[in-house]
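Results of the structural survey
Below are the chains, spelled out letter by letter.
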Amino acid sequence: MSSPDPQVRAARNQSTRPGLRGPVVAVTGAAAGVGALLTERLAASEEIKQVIAIDERRGECAAAQWHILDVRDPAIAEKLRGADVVVHLALDLDLETDGAARTAYNVRGTQTVLTAAAAAGVHRVVLCTSAMVYGALPDNELPLSEDAELRATAEATGVGDLLEVERLARRAPRAHPGLNVTVVRPAVLVGGIDTALTRYFESPRLLVVAGSRPAWQFCHVEDLCSALEYAVLEKVEGELAVGCDGWLEQEEVEELSGIRRMELPSAVALGAAARLHRIGLTPSPAGDLAYTMYPWVVSGSRLHDAGWRPQWTNEEVLAELLEEVSGRHTVVGRRLGRKDATAAGAAGATVALLGAAAVVRRARKARRRI
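Residues numbered from 1 in each chain as written. Predicted model: local features only at pLDDT ≥ 70, side-chain atom pairs only at ≥ 80, totals over all residues. Heavy atoms only, no water.

A separate point is the side chain of T39. Along the chain, T39 turns up in helix α2 (residues 33–43). A polar contact is formed between the side chain of T39 and the backbone oxygen of G35, at a distance of 2.7 Å. (Helix = DSSP H or I, 4+ residues; strand = E, 2+ residues; numbered from the N terminus. Polar contact = N/O pair within 3.5 Å; in protein donor to acceptor, adjacent residues only side chain to side chain.)

With that settled, consider the pattern of salt bridges. In this structure the tally under the stated criterion is 15 salt bridges. With a shortest N-O distance of 3.4 Å, R81 and E78 are connected by a salt bridge. Of the charged contacts in the structure, one is a salt bridge between R199 and D194, with a shortest N-O distance of 2.9 Å. Accessibility expressed as a relative area gives 3% for R199, which makes it buried. On the basis of relative accessibility, which here comes to 30%, the residue D194 falls in the partly exposed class. Ionic contacts of the salt-bridge type, sharing partners, join the residues E251, E254, R261 and E263 into one network. (Salt bridge = Lys/Arg side-chain N within 4 Å of Asp/Glu carboxyl O. Buried < 20%, exposed > 50% of the residue type's maximum accessible area, 1.4 Å probe, protein only.)

Applying the stated criterion to the full structure yields six aromatic pairs. For the pair F201 and W216, a centre-to-centre distance of 5.1 Å together with 70° between the ring planes defines the contact as edge-to-face. Here F201, found in the loop between α6 (196–199) and β8 (206–209), pairs with W216, found in strand β9 (residues 215–216); they are 15 residues apart in sequence, far enough to count as distant. Just as F201 is buried, W216 falls in that class too. (Phe/Tyr/Trp six-rings, centres within 6.5 Å; stacked < 30°, edge-to-face > 60°.)

Negative charge collects at one region of the surface, where E249, E252, E255, E315 and E316 lie side by side. Looking at the negative patch, the elements that each hand over two or more residues are α8 (250–257) and α11 (314–325). Topologically, E255 is positioned in helix α8. What makes E255 exposed here is its relative accessible area of 68%. (Patch = residues over 30% accessible without salt bridge, like charges linked within 9 Å, V, L, I, M, F, W, Y side chains within 5 Å. Areas by Shrake-Rupley, 256 points an atom, 1.4 Å probe, with all protein chains shown as cover. Lys, Arg positive; Asp, Glu negative; His and termini not counted. Charge placed at Lys NZ, Arg CZ, Asp CG, Glu CD.)

Pasting the structure below:
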């Protein structure tokens, strides 16, 4: 008789590890990114009885029990049977994804997972959104508490989806009595993550909008995974903000990164960003700029009160981010190939794109005065 597949054998071993009384945890989006890191972490933990991994393809964690399916498939309810906790990480926040398709996937996927978890007898679902849901506003407190009002709008990439996920999280316990929902909101996420905010550091000049007051707080994916594990083990619950302690002012970021600023008037920067996105030249809408203009730093007090501490500092995460994006060239959120960047000069291209928009604006005003 041939020996069973190594992944099957590992899953059997995991499910029958003696002496473990911890929870059975299902992770969606388990094959890549944060989901893959969390799956590996939980599978190695002596406090976790079993890990059920769900994704549209099989990942590399041999110690998990894998189920291959789309999270929007109602059949997921059967795969969740026997799980105590579900961590839903199957969200698409890719800058290049069509916005309507992204929203359909994120909202329907979250709805299906919450409904399926309740039907399967799961008692806790952990959702991961972003501290972006608080909004980036000039009058934000530094730092924001977890209970601060969610004042974001749907103008930035994916934030509308995250606000809808938050709404579903609030509604779920009422719709499904007995189901508890924990929401984890990380700061600027770094560690193999591609977002409009990480691309900000791929530019040859850091765009600073005149009169703005940026404050930078990062969250390394390893710290996010440890915070998610706290939620899984019910060491903390409710709405949780997670990030490095404190924050960096724009001047500190520039000094640490060695990247000089390019300061532009608000009307020029926002107007150009909106037009460039509208005609398809950049993936980032103008709303993304707000998160580089105003503070949205979080305290993380609930996790701190539960004994959790970040292992990374803002300075360390920024250094890793700069190393990660080294060699990439981005102009107003649009990533250029090496040939494009060399031919045009990324700094010159940035100025040209924004400057062209400003020239057009001035020309239109001049025509109206004639």
